[in-house]
Amino acid sequence: MYVLLILLGCAPGLGATPPQPTVYNRLTQEAQFQGFAGLVHYNRAARLALLQNRITVFAPSNEAFAQYGRPLHSDLAWYHMAGGVWTLRDLQSARNLTAGAAHLPPLWLTATNRALYINNARVVAAHSDYLGNAHAQQQALHVIDRVLDPMHLRPGAPMRAFDWLRLARPSAAIFLHRLKELRLEHLLQLEGANTYFIPADDGFDPAQFHALDKSAIFGHLVPGEVLFTRPAMRSLNHETMANSGDVYRVVSFEDKGGQLMVRQRSLAGAHRGDTWAPVLQADLPVANGVLHLIGRPLGLRPAPRPFPFLPILLKLAGDPQLATVYEAGESTGFNQIFSTHNASFTYFVPNERAWGGRSPPVDLLKRHLVVGGVPYSMERLLALSSAQNYTPLALPSVGGALRLAVAQIGSRFYVKIGSAYIKVLRPNYQCTDGLVHVIAAPL
């Protein structure tokens, strides 16, 4: 009996604790990581890193992949890895981690009283803090409830906020243009950890374009804080760069009517009060913080509507300087488009002198009328043209793509068609259904 017990105790492997699974084995063999295992499978370099490097992995749950609405690509695997071993305790005091590939933005950390967040994803603490070994290299595994998205991928160094703005120029060209005019591009290239609120073009009216001065731009930047929307506390004020002299502006996130909003409060200076902007695209990580695309500029109130405020067709009918275009539209039936299309119009209308007594054919009228969701002010066209180095824009006119650029010489706008510069006699006549630009010659 004693001999048998001794023999059993000496038998190799009997009664020994089985080896702990590696992080790689858990990711590839457990059903809860099926979504992330697919990313790793198609990224050989990431797979090798998991097999032999000292690394920390943030693995989204399968539910997180099911909710992710963008196309998956193998590079996403790198944005869920960081060099070194980071336990939950370590992460509580860290500000950011370097992602697994050099061209990706940092992984930004926010610790609240209730949870820990990586960018906008919550760490599921109950299923995290797993430590394993691969080839004598320790590794850590944490589970998160959302897929981390670097949004924009490009070779080389990760993008800063200014790089993102240049790539997003069709939607934020006005802000970019004013930054360049005021020589403030460096604000979006600052080192460190900052939050940027970038207003989309559609939210500007012509008066706000000119009112977007240095102080207003400063009010769109929160220095020294990286504010992702989920961990950010609602109604908590954050100091912007507009905080000197007689100007003091703070911003906060608010939930209003089911919509995430940014609220800016001007607490000092001549323009006290609140302005609100909807968040159109949130939580875009960049090398120097996070960026949010918002629906209108902060700190600038819309210009009051002029009186009388008429539909385009009534404006044409009542202005003797635009009679030729109105009468040609009536005789050809082209004017019916204003009652049959529920859209915003931008109408480039040559004045009477431009026609020299001739009546324009309907095909030429179509070329002058742009139809879209938001009308094109001269300021917006100038900003778009500047962002494209004054190469022609392609506007969706009724007659097809209208290729033009807009330049400003002194205080006057000009429409550039080919090599011709056409003077804008009266820009931005506001109507209930769009804008009219009175020009000195046909396009």
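See above for the structure.
Time to look at the environment of V286. Mapped onto the elements, V286 comes out in strand β14 (residues 273-286). Its relative accessible area of 2% is what places V286 among the buried residues. For the pair V286 and N389, spaced 103 residues apart in sequence, the C-alpha to C-alpha distance is 25 Å. Leaving out residues up to four positions away in the same chain, V286 has contacts with P105, P106, W108, M159, R160, A161 and W164.

All right, on to the sheet that holds strand β12 (residues 248-256) then. The seven strands lie next to each other as β10-β9-β15-β14-β13-β12-β11, forming an open sheet whose pairing is mixed. Pairing within the sheet leaves two strands with one partner each, and these edge strands are β10 (221-222) and β11 (238-239). By the bridge criterion, six bridges tie strand β13 (residues 259-268) to β14 in an arrangement that is antiparallel. Residue V262 lies in a different strand from β14, and its bridge partner there is A277.

This next bit is on the packing of aromatic side chains. The geometry of an aromatic ring pair is captured by the separation of the ring centres together with the interplanar angle, meaning the angle of the planes. This model, assessed by the stated rule, comprises three aromatic pairs. An angle of 45 degrees between the planes, with centres 5.8 Å apart, marks the rings of F338 and Y347 as tilted. One exposure class covers both F338 and Y347, and it is buried. An aromatic cluster is built from F338, F345 and Y347, whose rings are joined through pairwise contacts. The ring centre of F209 lies 5.6 Å from the NZ or CZ of R178, which sits over that ring. One residue, K256, lies across the ring of W276, its end atom 4.1 Å from the ring centre.

In this structure, S397 sits in strand β18 (residues 393-397). For S397, a relative accessible area of 11% puts it in the buried group. Here the alpha-carbon distance between S397 and H292, two residues 105 residues apart in the chain, equals 31 Å. In this view, S397 contacts K366, R367, L369, V370 and L402; residues no more than four positions away in its chain are not counted.

What counts, and where the lines are drawn
Residues numbered from 1 in each chain as written. Predicted model: local features only at pLDDT ≥ 70, side-chain atom pairs only at ≥ 80, totals over all residues. Heavy atoms only, no water. Helix = DSSP H or I, 4+ residues; strand = E, 2+ residues; numbered from the N terminus. Buried < 20%, exposed > 50% of the residue type's maximum accessible area, 1.4 Å probe, protein only. Contact = heavy atoms within 4.5 Å. Pairing = 2+ DSSP bridges. Phe/Tyr/Trp six-rings, centres within 6.5 Å; stacked < 30°, edge-to-face > 60°. Lys NZ or Arg CZ within 6 Å of the ring centre and 35° of its normal.

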